[in-house]
Protein chains: 2
Amino acid sequence: MNVEYINPFIEASQSVIMMMTGVKPSLGKVYIKNSFFPSENIAVIVGLTGKIRGQVIISFSENSALMIASAMMGGMPLTELDEISKSAISELANMIMGNTATLLAGRNIGIDITPPSLVMGEKLVITPTNMQTISIPLILNGDNTIEIDVSLEDKE
Amino acid sequence: MNVEYINPFIEASQSVIMMMTGVKPSLGKVYIKNSFFPSENIAVIVGLTGKIRGQVIISFSENSALMIASAMMGGMPLTELDEISKSAISELANMIMGNTATLLAGRNIGIDITPPSLVMGEKLVITPTNMQTISIPLILNGDNTIEIDVSLEDKE
């Protein structure tokens, strides 16, 4: 995978989360995931087509999801993820990917994105097929994590 | 959602499954899913962009997944879904969606598809955001089911 594709994902994630929560998440160590992976139990999946094809999975620890949904809903305290907060999380993913698409377009890499789908479950494992996955960990307020897994198709 | 979009999904699913297994699945009652939905515990998700945007989730009962993977691997008996058979199931979804794209193109509806991702977990719930979902149940050999859930964005 071309590493120059990854920076727009990082930049967009940080700036959208900063805009929504007022806190800029710090960037953990970006790494290549070689094996099939279990993600956090709350994930939003957004597809990519165009010059680069793949799926992006944004997964949240429950605390991060609650913190972000609460901030997006004007600071209303939340103790569980209800329908409105799930919808806020999906919208966050949509904004991150829309922003990423704009940044990529500025580098002449045209992509199109699908609407987001929220995936929840226990022992969740998402396995992109024939794609390499780069994982971008973001840390919000100490120990709330958000992981952006970018799976892009390997071109022959 | 425009119902004319749905027939190519049905036609492609039936013909690809027929080609891969030698058995034409019968079509159950197509219906609109109004609520957030739990799907079977093995699902493949493929994104759509272009003239119609959304996500298609093809979910399998464990028996259907094993039966199809076994047929795609030359009839080798399978008792559990290993990595090769998961990859066969993903490839089936990819072929169904590729075939659907071709049929839609023949109707001047140009779409692009993402590579497939396999989603497994317990108590799996996949919630497309701001999309209407049409569910296409297919029945293979009596009681093996495959469900094709087509979620497309509502245009304003």
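Residues numbered from 1 in each chain as written. Chains lettered and ligands numbered in written order. Predicted model: local features only at pLDDT ≥ 70, side-chain atom pairs only at ≥ 80, totals over all residues.

### Section: the overall build of chain A
Broken down by element type, chain A carries three helices and nine strands. When its helices and strands are written in sequence order, chain A yields α-β-β-β-β-β-α-α-β-β-β-β. For chain A, whose C-alpha radius of gyration is 15 Å, the value lies close to the compact-globule estimate of 15 Å for 156 residues. Referenced to the eigenvectors of the C-alpha coordinate spread, the extents of chain A come out at roughly 50 × 35 × 30 Å. Taken over 156 residues, chain A has a buried fraction of 43%. (Helix = DSSP H or I, 4+ residues; strand = E, 2+ residues; numbered from the N terminus. Rg over C-alpha atoms; globule rule 2.2 N^0.38 Å. Buried ≥ 20, exposed ≤ 12 C-beta atoms within 10 Å, placed from the backbone.)

### Description of helix α1 (residues 6-21) of chain A
Residues and elements named next belong to chain A. When the terminal C-alpha atoms of α1 are compared, their 23 Å separation across 16 residues agrees well with the 22 Å that a helix rising 1.5 Å per residue should span. Those residues of α1 lying buried are Pro 8, Phe 9, Ala 12, Ser 13 and Ile 17. Along the long axis of α1, the arc covered by the buried residues comes to 145 degrees, so they all point the same way. Structurally, α1 contributes buried residues whose contacts are with α3 (83-105), β8 (131-140) and β9 (144-153). Looking one or two residues past α1, Gly 22 carries a phi angle of roughly 80 degrees, positive in sign. (Expected span 1.5 Å × (residues − 1). Arc of directions from axis to C-beta. Contact = placed C-beta atoms within 7 Å.)

### Points about the confidence of the model for chain A
Regions with low pLDDT should not have their predicted coordinates read in detail. Looking at chain A, pLDDT values average 89 and 94% of them are 70 or higher. Listed scores for the predicted complex are pTM 0.91 and ipTM 0.87. (pLDDT = per-residue confidence, 0-100.)

### With respect to unusual backbone geometry
Residues other than glycine seldom take positive phi values, yet Asn 130 of chain A does so here, at roughly 55 degrees. Mapped onto the fold, Asn 130 of chain A is located in the loop between β7 (117-128) and β8. Classification of Asn 130 of chain A by C-beta neighbours within 10 Å gives partly exposed; the count is 14. Positive phi is not limited to glycine here, since Lys 123 of chain B has a value of about 50 degrees. By the secondary structure assignment, Lys 123 of chain B is in strand β7 (residues 117-128).

### Observations concerning the relation of the copies chain A and chain B
For the pair chain A and chain B, the relating rotation is 180 degrees, the translation along its axis is 0.0 Å, and the fit reaches an RMSD of 0.0 Å. What the rotation and shift describe, once combined, is the action of a two-fold rotation axis. In this assembly the copies share their binding face: 100% of the residues contributing to the interface of chain A also contribute to that of chain B. (Least-squares fit on C-alpha atoms with pLDDT ≥ 70 in both.)

### Let's talk about the interface of chain A and chain B
Listed as interface residues are 31 residues of chain A and, on the opposing side, 31 residues of chain B. When residues of the side of chain A that touches chain B are traced back to their parent elements, those giving at least two are β4 (42-50), β5 (54-60), α3, β6 (111-113) and β7 of chain A. At 12 residues, β7 of chain A tops the list of elements feeding residues into the side of chain A that touches chain B. A per-class count over the side of chain A that touches chain B returns 13 nonpolar, 12 polar and six charged. Sheet topology note: the β7 of chain A/β7 of chain B ladder contains nine bridges and is antiparallel. Bridge pairing links Val 125 of chain A to Met 120 of chain B in β7 of chain B. (Nonpolar A, V, L, I, M, F, W, Y, C, P; charged D, E, K, R; others polar. Pairing = 2+ DSSP bridges.)

### Side note on the environment of Glu 4 of chain A
Topologically, Glu 4 of chain A is positioned in the segment before α1. For Glu 4 of chain A and Asp 143 of chain A, which are 139 residues apart along the polypeptide, the C-alpha to C-alpha distance reads 28 Å.

### Structural notes on the pairing of strand β8 (residues 131-140) of chain B
All names here are of chain B. Examined bridge by bridge, strand β1 (residues 26-27) and β8 share two bridges and lie antiparallel to one another. Its bridge partner being in β8, Leu 27 is matched across the sheet by Leu 138. Sheet analysis places strand β2 (residues 31-33) next to β8, joined by three bridges and oriented antiparallel. When the bridges of β8 are listed, Ile 32 appears paired with Ile 134. Relative to strand β9 (residues 144-153), β8 runs antiparallel, the two sharing 10 bridges. The residue of β9 that forms the bridge with Ser 135 is Asp 149.

### Notes on the nonpolar core
Counting 79 residues, the largest nonpolar core has Ala 43, Ile 58 and Ile 89 of chain A together with Ala 43, Ile 58 and Ile 89 of chain B as its most contacted members. Aside from chain neighbours lying at most four places away, what touches Ile 58 of chain B is Ala 43, Val 44, Ala 93, Ile 96, Ile 146 and Ile 148 of chain B. (Core = buried A, V, L, I, M, F, W, Y, C linked by C-beta atoms within 7 Å.)

### Concerning the environment of Met 18 of chain A
Residues and elements named next belong to chain A. Structurally, Met 18 is set in helix α1. Using a count of 13 C-beta atoms within 10 Å as the deciding quantity, one classes Met 18 as partly exposed. Considering only alpha carbons, one finds Met 18 and Leu 140, 122 residues apart in sequence, at a separation of 9.7 Å. Apart from residues lying up to four places away in sequence, Met 18 is in contact with Val 23 and Lys 24.

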